[in-house]
Amino acid sequence: MPIGSARTASAAFAVLLPAVCAWAHAAPCASESRIGAAEGLIRARNYRDAIATLEQARATEPACDPELYHLLAIAWLNLGDTAQAVSAAEQGVIRFPQFAPAHEYYVSILRYKFSAPEAARRLEIALQACPGSFVLRRALGEVLLDTDPQSARAGALLAECVRLRPGDVESRGNYAKWLCSTHREDEALGNLTEALALSSG
């Protein structure tokens, strides 16, 4: 092939590559049908078959869809196996560190099934694995605040949440609670006023 033709082909490939990659990311993975079938089995309360179907999907495409781990956790919870449910939810968090709904579901399981100290321990581990997760950061701050209202770690986490998302009313309210517990009433009042303004706006 002439040199000019090779350069033209390379340039064309460079132009097409982003579109090809975008298509690849947008295209559904092969396990989507299994995940859909498992959802139907869960609705029919056939939890064991749902788990078997989801495990097949995970074995072939573990990073296919965060819903895979969400459904696994739901099925295990309905069978009364908390350990397996938590494990599935944890794997969803680690596999999809930017997918907030997976983190929110994991937090809800921890709050429902574990004591505050154990939930805090697990959240610390999860946050180390996903340091960019706002959901995990806020949840850990809240759990530590409930355990020890004057916890310096809770205050640091909640202050960081307010810095990252100034418009998050929940973070501002909890940070104000921590400020009150550490006798910083003026700062607490400012945060509560801002939280009220945001919630009414």
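In this text the structure is predicted, and so the values were computed from the model without any measurement. (Residues numbered from 1 in each chain as written. Predicted model: local features only at pLDDT ≥ 70, side-chain atom pairs only at ≥ 80, totals over all residues. Heavy atoms only, no water.)

*Asks:* Before we go on, may I ask you to explain the overall build of the protein in this structure?
*Replies:* Across its full length, the protein carries 11 helices and 0 strands. Mapped from its N terminus to its C terminus, the protein presents α and β elements in the order α-α-α-α-α-α-α-α-α-α-α. Of all 201 residues assigned to the protein, the portion counted as buried reaches 37%. For the protein, contacts bridging at least 24 residues in sequence account for 50% of all contacts bridging at least 6. Accessible area of the protein: about 11200 Å², with a carbon and sulfur share of 58%. (Helix = DSSP H or I, 4+ residues; strand = E, 2+ residues; numbered from the N terminus. Buried < 20%, exposed > 50% of the residue type's maximum accessible area, 1.4 Å probe, protein only. Contact = heavy atoms within 4.5 Å. Areas by Shrake-Rupley, 256 points an atom, 1.4 Å probe, with all protein chains shown as cover.)

*Asks:* Teacher, can you tell me more about unusual backbone geometry here?
*Replies:* With a phi close to 65°, R45 is a non-glycine residue in the positive phi region. Looking at the secondary structure, you find R45 in the loop between α2 (32-43) and α3 (47-60). Classification of R45 by relative accessible area gives exposed; the value is 68%. Phi at H183 takes a positive value of approximately 65°, unusual for a residue other than glycine. Position of H183 among the secondary structure elements: in the loop between α10 (169-181) and α11 (185-200).

*Asks:* What's the story with the confidence of the model for the protein in this structure? I'm lost.
*Replies:* On average, residues of the protein score 86 in pLDDT, and 86% of them are at 70 or above. Helix α1 (residues 3-26) is the least confidently modelled element of the protein, averaging 36 in pLDDT, while helix α8 (residues 134-147) averages 97, the highest of any element. (pLDDT = per-residue confidence, 0-100.)

*Asks:* Just to check I follow, could you spell out the packing of aromatic side chains for this structure?
*Replies:* Note on aromatic pairs: each is described by the distance of the centres and the angle between the planes. Here the structure, examined in full by the defined rule, presents 2 aromatic pairs. Residues Y175 and W178 carry aromatic rings whose centres are separated by 6.0 Å and whose planes lie at 10° to one another, so their mutual orientation is stacked. Of this pair, Y175 and W178 both sit in helix α10, separated by 3 residues, roughly a single helical turn. Assigned by exposure class, Y175 and W178 land together as buried. (Phe/Tyr/Trp six-rings, centres within 6.5 Å; stacked < 30°, edge-to-face > 60°.)

*Asks:* I tried to follow the state of the cysteines on my own but got confused; where do I start?
*Replies:* Here is the idea: a disulfide is a covalent bond, and it sits between the sulfur atoms of two cysteines. Taken as a whole and assessed by the stated rule, the structure comprises 1 disulfide. At a sulfur-sulfur separation of 1.6 Å, the disulfide partner of C29 is C64. Residue C29 is located in the loop between α1 and α2, and its partner C64 is located in the loop between α3 and α4 (67-78); the two are separated by 35 residues in the primary sequence. The same class applies to C29 and to C64, which are both buried. (Disulfide = S-S within 2.5 Å.)

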